[in-house]
Every structure is written in structure tokens, then in C-alpha cells.
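# Per-entry structural report
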Amino acid sequence: MSLLVVGLSHRSAPVSVLERAALSADAQIKLLQDTVAAEPATEAAVLATCNRIELYADVDKFHAGVAELSTLLAQHSGVGLEELTPYLYVHYEDRAVHHLFSVACGLDSMVVGEGQILGQIKDSLAKAQDVHSAGRLLNDLFQQALRVGKRAHSETGIDRAGQSLVTFGLEQLAAGQAVEKWAKGKKALVIGAGSMSSLAAATLARAGVAEIVIANRTHDRADRLAQILTEGDDTDVLARAVPMESVPAELTRADVTVSCTGATGLVLTAESVAAAVEGRTGEPVTHSRTASGADSGRNTTSAAGRGELPPTSIGAEDGCPLDLPAVQATAGFSVLGEAAVAGMAASDLEQHAAWVDNAPRQQNSAPAPAGALTTLDPAEEADAIAALAAAVAVVGRVPERRKPEPVAEIPRPEPVFFLLDLAMPRDIDAAVHRLTGVRLVDIESLAEASANAPMAADVDQVRRIVSDEVAAFGAALRAAHITPTVVALRTMAADVVANEIARLEGRLPGLDDKHRGEIAQTVKRVVDKLLHAPTVRVKQLAAEPGGAGYADALRTLFDLDPETVAAVSRAEDSTEKNGKNRGPE
């Protein structure tokens, strides 16, 4: 086995990088085709979800495989290799199997134990089968991963630990209330009609919303989903479909909006959300200036490009690249405030460092005069700036942090409009986080919330299942590797028996059919008995770790023709392919 996986996920990369690296359906197909066309890889499969992008391949060389797969991921994602490399992880052979089985069981999900990943793995295998990039190894691997995931959910209580991403997102919107209580009577707008949007609509219907409006570019799909919701036995909800052009008008009516489309650009801008809230309340929407890590540390590139919503990296004082009213709300602000500098470009950081160096300073022991900046010790400040500058030199931007340091948050009014963005890349402008009267939950905030989520005791049981299944899969794979050699050996033995019987008939032409048959059967039994113990034992030995060399030893001892072994292997692969490319379980 030479299984290799190269990928990135919410555990290894910030959401802003995952968002930029997201692969469209067409890009995934092209990546599969280019991977199997590359020299080190003979099979390939892509597992792309809202929080992971992984490329699986059967390679003949480890280092060349890592280099090639990393390069291909960078090329097809559009993120430069130098920028992408720090966030990539690599698993090989048994570790790669362990990783996929863990993913299938929901152990590596943003919400531990969620079951949606099984459907995504199934789709990944189907896509690889459609383009004929999945051979015997990846077919067996992904089929087994599906079985392991189902076993984990049926034999343990992992479902108690996990939820769907939709349910978790709605809990974050409800902010401590029971989802059913929070959702009861609300009007919902769901943008998109794919699997995630359909799950969101069904979950909202069961939670008790009064109305669901489905907007989708393909009206027939939206209409079909609305009909399913209306006719559902376990819900009592009014559902209807509208074209995408009706979204601005529907936003003014909706209390909660869920968006999950395959669009490559924004579906809802901050301006459109602000207009919708103003249409609901009749009051202008202000742009909240909060110093909390949840808001000011977010990626606001898209807002900066439009200009109406000034990004937090533009200052209100000459020479300062920061939003001073926000960052000075906290006493003792310094360059160490991750929420203020996360995502800042190298030029802005340099400008900020110069401004900090020249700004009026006031020690923490005395009240700061107007316009002064309260800072840490100058030496500590300089060290912090130097460390951040070093980071910028590597990645070109101040690294984003998953857990920014806690700072005081400016009170915000209770939200009147709720948005859940489950798309990758995002559908809803991150600048919406700064609008008063709005609560936005997106993949980034879900990652932050799930980082501290408790894990159920059942997780340990699932981990044991994964370990056992990895060992069994590896043993079966190693045993299967020697099968063509054993078949070739038995074929050679059968040929020897046939030749000797033919030679005997030439020397004793008077033998009748009865005696000839008895002699042939006796010789065949002798050969079978002589081969039985060695072939059974060699399969057992080959299944153990490090047993790959037994096939070579068998070929050498019996002087087997390598081409005969290869022919048996090709025949088995052809049979496997014809049987398994009918579709996953």
C-alpha cells in the first residue's frame, strides 16, 4: 500500500485560507484528472467539504508524491504553494487510513460526531469513480470508511456528542436559548437548495418556524424542496419558492436567513443586509465598532473593496492604520492585541509600528491624556512588533489567530435579524458582523465556538473502533498483495501436474480412462497438500506489519515468472473495477 493524503482543514488552517482554497465541482474533476496523469500517482480522490480539502492518491514514491500533490492542490485552489504549505498536513499508509476512518466517524469534524460527512465521503467516491480515478485501493478504502462510520454511529453514542453543522449553527444563533423556543413563529429565508440548504430548511421546519422561503438559481429545485417541506408529516410550516431576484425583498420580511450556495462571490453584501434591517425597523443601521476578537479580528477584505463600510484596518488619525475608537476602548491596548492586528498587511504593520513608536505615551499608573496611547513597556512593545514583522516576512500578513486575547466588548443592541452562513467560500460578507441589530454566524465563528465544545465519553469507544478497523484494513490489504503470487504458484503447480500426466500417457499408452483418472487425481492431491500449509502460512505472515517481503520470497523460491504474477493482478483489478464502479454503498 502506498496511500498518501495531502490536505488542509479547520484544524490546520484559518477559515480565510480555507475559503480561498475552496474547490468548485469542476475544479475537483480537473484536479482528479491531473493527479492521475501525474507520474507518482495511479489513483486519486478528492474530499472537499466546507471545512476541509483533501487529496487522496496511490503513489509509488512518498517524497515525489507529497511534492506533486501539494503543487496540484495549490494550482487548482489558486492559493500560492508557499502560502498554502504551512497549513498542509500529510498522512501516509496506515496513518492515512486512520485519518480517513476518523473523518468518517466524525472525530475530525468541526462538530464532533456529525454524520453529514458520510454522505460527503460517498459523493467523493462516486465522483472519483465517474472519472475513473479510483482503482482498487481507493475503492476499498472509501467503501470501508463508509462502513466504519456507520458502525461507529450504530454501536456507540457518538451521535449524542455530535450534531449537524446546521443544528450547531442554529444553537449559536439562539445564543443560549433552546432552538425551538428561539425559532418558534419566526419567518425564515433559505438561500440555496442543495443538501446543506435542504437540511437547514428541514431543521428550521422541525424547530417550529412559521414560514420558510426557498430561493435558488434553479427554480424547480427550490419549488421541489418547498413542496417536500409543506407535505412533511412531522412539520406544520408554510413553504414557498422564489427566484434569486426576490432575495432583497424577502430579506426585509425574514427573521432568520440561512445561506449555503456554490457561488464563488458574495450572495449577500453588508449593504444589502443593512438595507434589509433598515427596511424592517425604519431606522438607519450603524456599523458597530467593537474591540472584541469575535468582530474586529475578522477578514474584511471584501468590505474594503466596496468602500461604504470602512474596514477596521483604516485609522481615523493621521499615521495610524488602526481604527482607534475601537482599539482604545480597552485600557492597556498594545500591538499584542491580536484582534486589532490580525490580517494586517506588511505595509500596514510597518506603518502601525512607526505610529506606536511616535505616539504620545502614558504609563498605566496614571490616567491617559486626550489623544495619548496607553501601551506596554516600550521594550516589550518593540519585541512584539519584531515578532509580528518576522511572521509577516514568511506569510505576507499578520497570521490570524483562532483564539484572540479576551478584551472588553462594547455593548451591542439585541439583534433583530439572524444570519447563518454555511458556505465555503462564504456567501455573506464578513462585514455584517459589525452591523448593529444583526447576528451573523459563519464557518469562522462556528470554528471558534466548536474549539471548546465538550466531547462525549463515547468518543474513546469510537477511537478504539477506528484503531481496530485500521489494523484489519491494513492486514487485509497486505494479504491481498500476496494473493496474485499465490495464484501464480498454484497455476504453475497445475501446469506441472498436467505436463507430468501427459508424459505418463506417452510412456503408458495402454492406460484405461479409469486408471488414468485415478493417477491424475492422486498426483493433484499430493501437490495440493504440499502447497496448502506454505500458502496459508505465507498469507498469514504477509498480513502482519512488515510482511510485504514474503511475496518476493515466494517468487524467488519457486522461480515464478513476474509477468504471470502481474497478469493475475491485472485480471483481479479489472474484476474489482467492473464490480465496484457501479456506485458506492
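Residues numbered from 1 in each chain as written. Predicted model: local features only at pLDDT ≥ 70, side-chain atom pairs only at ≥ 80, totals over all residues. Heavy atoms only, no water.

### A word on the overall build of the protein chain
A count of helices and strands for the protein chain gives 25 helices and twelve strands. Relative to its full complement of 585 residues, the protein chain shows a buried share of 48%. When contacts within the protein chain are restricted to residue pairs at least 6 apart in sequence, those whose partners lie at least 24 apart make up 73%. Within the structure as shown, the protein chain displays about 27,000 Å² of accessible surface, and the carbon and sulfur contribution to it stands at 53%. (Helix = DSSP H or I, 4+ residues; strand = E, 2+ residues; numbered from the N terminus. Buried < 20%, exposed > 50% of the residue type's maximum accessible area, 1.4 Å probe, protein only. Contact = heavy atoms within 4.5 Å. Areas by Shrake-Rupley, 256 points an atom, 1.4 Å probe, with all protein chains shown as cover.)

### So, the packing of aromatic side chains
In this structure the tally under the stated criterion is four aromatic pairs. Look at Phe101 and Phe473: their rings are 5.9 Å apart centre to centre, the planes differ by 80°, and that puts the pair in the edge-to-face class. Residue Phe101 is located in helix H5 (residues 94–104), and its partner Phe473 is located in helix H22 (residues 458–507); the two are separated by 372 residues in the primary sequence. A single burial state applies to Phe101 and to Phe473, both of which are buried. For the ring pair Trp182 and Phe418, a centre distance of 5.2 Å and an interplane angle of 90° mean the geometry is edge-to-face. Of this pair, Trp182 sits in helix H10 (residues 179–183) while Phe418 sits in strand S11 (residues 417–421), and the two are 236 residues apart along the sequence. The exposure class of Trp182 is buried, given its relative accessible area of 4%. (Phe/Tyr/Trp six-rings, centres within 6.5 Å; stacked < 30°, edge-to-face > 60°.)

### Focus: the confidence of the model for the protein chain
Mean pLDDT over the protein chain: 77, with 71% of residues reaching 70 or higher. Segment residues 400–405: pLDDT under 50, and 23 contacts once partners within four positions in sequence are set aside and those in other chains are kept. In the predicted structure, residues 580–585 sits below a pLDDT of 50 and forms 20 contacts with residues beyond four places in sequence or in another chain. (pLDDT = per-residue confidence, 0-100.)

### Here's the deal with unusual backbone geometry
The amide bond that connects Met424 to the next residue, Pro425, takes the cis arrangement and shows omega of 5°. Counting through the fold element by element, Pro425 comes out in the loop between S11 and strand S12 (438–441). Backbone geometry places Glu93, a non-glycine residue, at a positive phi of 50°. Tracing the chain through its elements places Glu93 in the loop between strand S4 (89–92) and H5. Judged by its relative accessible area of 29%, Glu93 falls in the partly exposed class. Unusually for a residue other than glycine, Ala175 sits at a positive phi of about 55°. Mapped onto the fold, Ala175 is located in the loop between helix H9 (165–174) and H10.

### Quick notes on helix H6 (residues 116–130)
Compared with the 21 Å implied by 1.5 Å per residue over 15 residues, the 22 Å span of H6 between its first and last C-alpha is a close match. Among the residues making up H6, those that are buried are Ile117, Leu118, Ile121, Ser124, Leu125, Ala128 and Gln129. In a view along the axis of H6, the buried residues occupy a sector of 135°, so they form one face of it. Relative to its buried face, H6 has exposed residues pointing more than 90 degrees away, namely Asp123 and Asp130. Phi for His132, located one or two positions after H6, is positive at around 60°. (Expected span 1.5 Å × (residues − 1). Arc of directions from axis to C-beta.)

### Topic: the sheet that holds S12
Two strands in a sheet stick together by hydrogen bonds in their backbones, pointing the same way (parallel) or opposite ways (antiparallel). Taken in spatial order, the six strands of this open sheet run S7-S6-S5-S8-S11-S12, and their pairing is parallel. Edge positions in the sheet fall to strand S7 (238–242) and S12, since each of these pairs with one other strand and no more. Neighbouring strand axes in the sheet, compared pairwise and without regard to direction, differ in orientation by 15° on average. Sheet topology note: the strand S8 (residues 256–259)/S11 ladder contains four bridges and is parallel. Each bridged residue has a counterpart across the sheet, and for Ser259 the counterpart in S11 is Asp421. Packing against the sheet, helix H11 (residues 195–207) makes contact with strand S5 (187–191), strand S6 (211–215) and S8, and its axis sits at approximately 170° to S5. Along the sheet, helix H12 (residues 219–231) contacts S6 and S7; its crossing angle with S7, the most-contacted strand, is approximately 175°. (Pairing = 2+ DSSP bridges. Axes fitted to C-alpha atoms, helices over the stretch in contact; angles between N-to-C directions.)

### Brief notes about the sheet that holds S4
Judged by pairing direction, the sheet is antiparallel, and its four strands sit side by side in the order S2-S3-S1-S4 without closing on themselves. Only two strands of the sheet have a single partner each, and these edge strands are strand S2 (41–49) and S4. Strand-to-strand, the axes of this sheet are offset by a mean angle of 15°, without reference to chain direction. Across eight bridges, the pairing between S2 and strand S3 (residues 52–59) is antiparallel. In the strand pairing of S3, Ala41 is matched with Val59. Against the sheet, H5 makes contact with strand S1 (3–9), S2, S3 and S4, and its axis sits at roughly 110° relative to S4, the strand it touches most. Helix H7 (residues 136–155) rests against S1, S2 and S3 of the sheet, and its axis sits at about 30° to S2.

### Here we look at the pattern of salt bridges
This model, assessed by the stated rule, comprises 20 salt bridges. A salt bridge links Glu155 to Arg151; its shortest N-O distance comes to 3.0 Å. With a gap of four residues between them, Glu155 and Arg151 both fall in helix H7, about one helical turn apart. Residue class for Glu155 comes out partly exposed when judged on its relative accessible area of 45%. Judged by relative accessible area, Arg151 falls into the partly exposed class, the value being 25%. A salt bridge links Arg240 to Glu250, with the nearest nitrogen and oxygen atoms 3.1 Å apart. Here Glu250 lies in helix H13 (residues 247–251) and Arg240 lies in strand S7, a separation of ten residues in the sequence. (Salt bridge = Lys/Arg side-chain N within 4 Å of Asp/Glu carboxyl O.)

### A look at the packing of H9 against H11
Taken N-terminus to C-terminus, the directions of H9 and H11 make an angle of 55°; their axes are 9 Å apart at the nearest point. Relative to H11, H9 is oriented oblique. Of the two elements, H9 crosses H11, and the hand of that crossing is right-handed. On H11, the residues touching Leu165, Val166, Thr167 and Leu170 of H9 are Met196, Leu199, Ala200, Thr203 and Leu204. Broken down by class, the residue content of the contact of H9 with H11 amounts to seven nonpolar, two polar and no charged. (Parallel < 35°, antiparallel > 145°, perpendicular 65-115°, else oblique. Left-handed = near helix turned anticlockwise from the far one by under 90°. Nonpolar A, V, L, I, M, F, W, Y, C, P; charged D, E, K, R; others polar.)

### Some points on empty space enclosed by the protein
What the rule picks out here adds up to six cavities of 30 Å³ or more. In this model, the largest cavity occupies a volume close to 100 Å³. As for the largest cavity, its lining consists of 13 residues, and the residues nearest its centre are Cys50, Asn51, Glu114, Gln120 and Leu165. It is H6 that contributes the most residues to the lining of the largest cavity, three residues altogether. When the residues that make up the lining of the largest cavity are grouped by side-chain class, the tally is six nonpolar, five polar and two charged. (1 Å grid on protein atoms, 1.4 Å probe; cavity = no way out; pocket = protein on both sides within 12 Å on 5 of 7 lines; lining within 4 Å. Points joined across faces, edges and corners; volume = space filled by probe spheres on them.)

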